[in-house]
Amino acid sequence: MSRPRQADDNAIAEAVAALARGELVAMPTETVYGLAADATNERAVLAVFAAKGRPRFDPLIVHCSDLAMVQQVAQVSPRAERLAAAFWPGPLTLVLPRRPLIPDVVTAGLDTVAVRIPAHPVAQALIRACGRPLAAPSANRFGAVSPTSAAHVAEQLASSLALILDGGPCAVGIESTVLVPDPQPLILRPGGVTRARIATVLGEPVRLAARQQRLDSLRLASPGLLSKHYAPRAPLVLRAPDEPWPDDAAALAFSSATAPAAGVFAVLSERGDLAEAAATLFAKLRALDALAPSRIVAELVPDEGLGEAINDRLRRAAGLG
Ligand code: AMP
Ligand code: MG
């Protein structure tokens, strides 16, 4: 049983020792909290799937401290190199041809591996001190809302973890953008780096995979890409643009300008800022859910920039891929 610990040097040293023994540690990243295991230790990675209740065919993201470590894990193409220079460390995951260091269980047997360099100083320090890559999905039970604070992690996974490193609330608040760079850039999951920023760096168009394409490109049914992921306990439905807010449900509004005048509601960003909305999304969803409403009604946010990722999570929480 593990309670959150301030992520100081001592706690990080204990986490390194636990990971070396094949145990699991929760680590803060700038996207969401990760449930980390030594990515080269098959038994430890299997324990991640068991702790989350995550199906084995849903591959994990491998977290590295620097480009040299990424190169031990994957083949970095020229396009990937440009993206790495622009966005790492940061919330972009690249799907690249894998090298043998990473066991099959991490990639669900695919010949590619998803890899990123996180920006959070605690994640950076932890991976560097381990000297090896960490496989880390979000630190929540499979299908539940992702954790953006150490307390969220403790609510669901305390008993499976050697240590929960507390590095404060996550600055980005939604998961990384998952991108296949080659042969043509394709976003499998919108996330913390916007499509427009990627297109600017590459100087070419970047497609956002439709749901069926995402499944085809994985050649398997990856629940990370399916609907009914990121779901609260209360049923969540989306409000049609001109529909009034119902008065018998908890409301999740984008901004003060669009919020209901009364009743039970939460606002993602009072001033209507998409970055703030992304950072607060999962915590607000959890807070509404904790009130045990009969249902949660949410509105979509403007479908631009980070709004693409926020709307993706809202649609999936509503069971609409
Ligand atoms: P999560 O760990 O929940 O952030 O989800 C990671 C997601 O990244 C998975 O659900 C997959 O959709 C995607 N992913 C991981 N590895 C690969 C891969 N080799 N090819 C394509 N997508 C991947
Ligand atoms: Mg997840």
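Residues numbered from 1 in each chain as written. Chains lettered and ligands numbered in written order. Predicted model: local features only at pLDDT ≥ 70, side-chain atom pairs only at ≥ 80, totals over all residues. Heavy atoms only, no water.

**Looking at the overall build of the protein chain**
Each helix and strand in the protein chain was counted, giving 11 helices and 15 strands. Over its C-alpha trace the protein chain gives a radius of gyration of 19 Å, about what one expects of a compact globule, namely 20 Å for 321 residues. Over its C-alpha atoms, taken along the principal directions, the protein chain stretches across nearly 55 × 50 × 30 Å. Here the protein chain holds 321 residues, and the buried ones make up 58% of them. Of the contacts made within the protein chain by residues no fewer than 6 positions apart, 66% connect residues no fewer than 24 positions apart. By element, 53% of the accessible surface of the protein chain is carried by carbon and sulfur atoms, the whole surface being about 12900 Å². (Helix = DSSP H or I, 4+ residues; strand = E, 2+ residues; numbered from the N terminus. Rg over C-alpha atoms; globule rule 2.2 N^0.38 Å. Buried < 20%, exposed > 50% of the residue type's maximum accessible area, 1.4 Å probe, protein only. Contact = heavy atoms within 4.5 Å. Areas by Shrake-Rupley, 256 points an atom, 1.4 Å probe, with all protein chains shown as cover.)

**Observations regarding the domain arrangement of the protein chain**
Domain annotation of the protein chain identifies domain 1 (4-215) and domain 2 (236-317). Each of domain 1 and domain 2 has a C-alpha centre, and these two points are 26 Å apart. Facing 23 residues of domain 1, the contacting portion of domain 2 comprises 14 residues. Here domain 1 packs against domain 2, burying approximately 1400 Å² in sum over the two surfaces, 56% of which is carbon and sulfur. Seen at the junction of domain 1 and domain 2, the total is three salt bridges. Where Glu-308 meets Arg-195, a salt bridge forms, and the shortest distance between an N and an O atom there is 2.7 Å. At the boundary of domain 1 with domain 2, the tally comes to six residue pairs in polar contact (both at pLDDT 80 or more). Looking at the side of domain 1 that touches domain 2, the element that brings in the most residues is helix H7 (residues 150-157), giving three residues. Per-class residue counts for the side of domain 1 that touches domain 2 are nine nonpolar, nine polar and five charged. (Domains from an automatic or database assignment. Buried area = accessible area lost by both parts, 1.4 Å probe. Salt bridge = Lys/Arg side-chain N within 4 Å of Asp/Glu carboxyl O. Polar contact = N/O pair within 3.5 Å; in protein donor to acceptor, adjacent residues only side chain to side chain. Nonpolar A, V, L, I, M, F, W, Y, C, P; charged D, E, K, R; others polar.)

**Topic: the state of the cysteines**
Taken as a whole and judged by the stated rule, the model has zero disulfides. Not part of a disulfide, Cys-170 finds its nearest cysteine sulfur in Cys-130, a span of 19 Å. (Disulfide = S-S within 2.5 Å.)

**Concerning the pairing of strand E5 (residues 92-97)**
For E5, a buried count of five out of six residues is recorded, marking the element as mostly surrounded by other parts of the structure. The pairing of E5 with strand E9 (residues 177-180) spans three bridges and is parallel. Note on E9: the bridge partner recorded for Leu-94 is Leu-179. Pairing geometry for E5 and strand E6 (residues 112-116), over four bridges, is antiparallel. Following the sheet pairing, Leu-94 is matched in E6 by Val-115. (Pairing = 2+ DSSP bridges.)

**A look at the nonpolar core**
Counting residues in hydrophobic clusters, the biggest one holds 66 residues, and the most contacted among them are Leu-92, Leu-126, Leu-165 and Ile-198. A total of six residues in this core trace back to one element, the largest contributor, which is helix H1 (residues 9-20). Setting aside residues up to four positions removed in sequence, Leu-92 forms contacts with Leu-83, Phe-87, Val-115, Arg-116, Ser-176, Thr-177, Leu-179, Val-193 and Ile-198. Among the nonpolar cores identified, the runner-up in size contains 27 residues, and Ile-174, Ala-298, Ala-309 and Ala-318 belong to it. (Core = buried A, V, L, I, M, F, W, Y, C linked by side-chain atoms within 4.5 Å.)

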